[in-house]
Amino acid sequence: MPAPSPSPTVCSVAAGAASQAPIGIFDSGLGGLSVLRAVRAQLPDEALLYVADSLYAPYGERDDDFIADRTLAIGAWLAAQGAKALVVACNTATAQSIALVRDKLPIPLVGVEPGVKPAALQSKSRVAGVLATQATLRSARFQGLLERYAADCRFLCQPGHGLVQAVERCDVGSAELRALLRSYLEPMLDAGADTLVLGCTHYPFLDAAIRDIVGERLALIDTSVAIARQLERVLEQHGLRSATPAARPPLPRFYSTDDGVRQRQLAATLLQIEAAVEQVLISSPRTCAAARDSQVA
Ligand code: DGL
């Protein structure tokens, strides 16, 4: 998991006031809600702001510059809303732009990355599957993870084309989705894999469908709990833990760059969180240029 960066701006804010500020969590869409679920369980006193960039999801099939452009714009927007720390709850955005965003934002950051290390530690057959987006798999950051941890373990890397789109439609179990999952998972089983890295934060919402296909033959590696623990460490290092115990976790504030209907539905059905979703316009150089081009055309 990426190490926290020092944050001179945050250190200059009165610690007491800053610790009451919310934590910003962001994903290309709804997948980061799997991280939000773990953060709420680990840090129930913290106020959370969640942005889904659903208007521009999926990121996994976009170019690297576009992903960095959106990640920076949304991180800056959350910092401007008063977020005391940012969780980039998207493997694709972390892989493509965490270093850039860390440099430019004045708040501590936590990113996510596929659990290659825990998979290499626990696989007995020494064959593990990785499901992640195309952009994550091609990134230098992911290739670095393989170089570091895959020396004596074979990783079968499979782009999960279509899976993010399914979750964005709130489809976590249709016949088409199951057929798509089967086409990705059966070759892994045939090759002797005993472990599957869920390398995209959308995929934990598919765990029941995956279990129906693989049974207990694959151990599923989801890093959301590890991310929540890392966030707790980062907040503590910066003196930013909320000092006010809450009787129950406060409702997150949800924002979306689309109409938010699916976000509300997924949060209610899979997280049992009934909360309104506010539609927001977060412009960025690349999306402004696209809007200008479509006006000219
Ligand atoms: N949840 C994002 C991730 O972890 C999905 C990326 C996408 O939108 O393709 O990579």
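Scoring rules and cut-offs
- Residues numbered from 1 in each chain as written.
- Predicted model: local features only at pLDDT ≥ 70, side-chain atom pairs only at ≥ 80, totals over all residues.
- Heavy atoms only, no water.
- Salt bridge = Lys/Arg side-chain N within 4 Å of Asp/Glu carboxyl O.
- Helix = DSSP H or I, 4+ residues; strand = E, 2+ residues; numbered from the N terminus.
- Buried < 20%, exposed > 50% of the residue type's maximum accessible area, 1.4 Å probe, protein only.
- Expected span 1.5 Å × (residues − 1).
- Polar contact = N/O pair within 3.5 Å; in protein donor to acceptor, adjacent residues only side chain to side chain.
- Arc of directions from axis to C-beta.
- Contact = heavy atoms within 4.5 Å.
- Near = heavy atom within 4 Å.
- Axes fitted to C-alpha atoms, helices over the stretch in contact; angles between N-to-C directions.
- Parallel < 35°, antiparallel > 145°, perpendicular 65-115°, else oblique.
- Left-handed = near helix turned anticlockwise from the far one by under 90°.
- Nonpolar A, V, L, I, M, F, W, Y, C, P; charged D, E, K, R; others polar.
- UniProt positions renumbered as here; feature names shortened; annotations may be inferred.
- Pairing = 2+ DSSP bridges.
- Right-handed = clockwise from strand over helix to strand, strands pointing away.

1. Regarding the pattern of salt bridges
Now for step 1: Taken as a whole and assessed by the stated rule, the structure comprises 13 salt bridges.
Now for step 2: The salt bridge involving Lys84 is made with Glu46; its shortest N-O contact spans 2.6 Å. Of this pair, Lys84 sits in the loop between α4 (64-80) and β3 (85-88) while Glu46 sits in the loop between α3 (33-42) and β2 (48-52); the two residues are 38 residues apart in sequence, bridging distant segments of the chain. Grouping residues by exposure puts Lys84 and Glu46 together as buried.
Now for step 3: Note that Arg182 and Glu186 form a salt bridge whose closest N and O atoms lie 3.9 Å from each other.

2. Quick notes on α4
Now for step 1: Its 17 residues place the ends of α4 24 Å apart at the C-alpha level, agreeing with the 24 Å of an ideal helix rising 1.5 Å per residue.
Now for step 2: Of all the 17 residues making up α4, 12 are buried; the element is thus mostly covered by neighbouring parts of the structure.
Now for step 3: Taken together, the buried positions of α4 are occupied by Phe66, Ile67, Ala68, Asp69, Arg70, Thr71, Ala73, Ile74, Gly75, Trp77, Leu78 and Ala79.
Now for step 4: Two or three places before Asp65, at the opening of α4, Asp63 has a side-chain oxygen 3.1 Å from that residue's backbone nitrogen.
Now for step 5: Phi turns positive, to about 100°, at Gly82, one or two residues after α4.

3. Quick look at helix α8 (residues 140-149)
Now for step 1: Inspection of α8 places Phe142, Leu145 and Leu146 among the buried residues, and these make up the whole buried set. For α8, the arc enclosing every buried residue in end-on projection is 95°, short of the 170-degree limit, so these residues lie on one face. Turned more than 90 degrees from where α8 packs its buried face, Ala140, Glu147 and Arg148 sit exposed.
Now for step 2: Contact partners of the buried residues in α8: α6 (116-122), β5 (127-132), α7 (134-138) and β6 (154-159).

4. Considering the site of the ligand
Now for step 1: Near the ligand, the surroundings consist of 13 residues, among which Ser28, Tyr59, Gly60, Thr92 and Thr201 are the closest.
Now for step 2: In the model, an oxygen atom of the ligand is placed 2.7 Å from a nitrogen or oxygen of the Gly60 main chain.
Now for step 3: With respect to the ligand, the side chain of His202 contributes an N or O atom lying 2.8 Å from a nitrogen atom.

5. Re the packing of α3 against helix α13 (residues 261-271)
Now for step 1: Packing of α3 against α13 leaves a shortest axis separation of 11 Å and a crossing angle of 45°. Between α3 and α13, the interaxial angle falls into the category oblique. In the crossing of α3 with α13, the sense of the turn from one axis to the other is right-handed. Mapping the contact onto sequence places Leu33, Leu36 and Arg37 in α3 and Gln263, Leu266, Ala267, Leu270 and Leu271 in α13.
Now for step 2: Its residues assigned to classes, the contact of α3 with α13 shows 6 nonpolar, 1 polar and 1 charged.

6. Section: the UniProt feature "active site" (unreviewed entry) in the protein
Now for step 1: Look at the UniProt record and you will see "active site" (unreviewed entry) annotated at Cys90 and Cys200. Of the residues just listed, which span 111 residues, no C-alpha pair is farther apart than 6.7 Å, and they cluster in one region.
Now for step 2: For Cys90, a relative accessible area of 3% gives the class buried.
Now for step 3: Dropping the residues within four chain positions of it, Cys90 is found in contact with Phe26, Asp27, Ser28, Tyr59, Val112 and Thr201.
Now for step 4: Considering the arrangement of structural elements, one finds Cys200 in the loop between β7 (195-198) and α11 (207-214).
Now for step 5: With relative accessibility at 6%, the residue Cys200 sits in the buried group.
Now for step 6: If sequence neighbours within four positions are ignored, Cys200 has contacts with Asn91, Leu131, Thr133 and Val164.

7. What about the pairing of β7?
Now for step 1: With burial as the criterion, each face of β7 is covered, one bearing Thr195 and Val197 and the other bearing Leu196 and Leu198.
Now for step 2: In the sheet, β5 pairs with β7 via 4 bridges, with the strands oriented parallel. Within β7, the residue paired with Val130 across the bridge is Val197.
Now for step 3: Direction of pairing for β7 relative to strand β8 (residues 219-221): parallel, over a ladder of 3 bridges. Paired with Leu196 across the two strands is Leu220, which belongs to β8.
Now for step 4: You can see the chain leave β7, run along α11 and come back into β8, and the turn it takes is right-handed.

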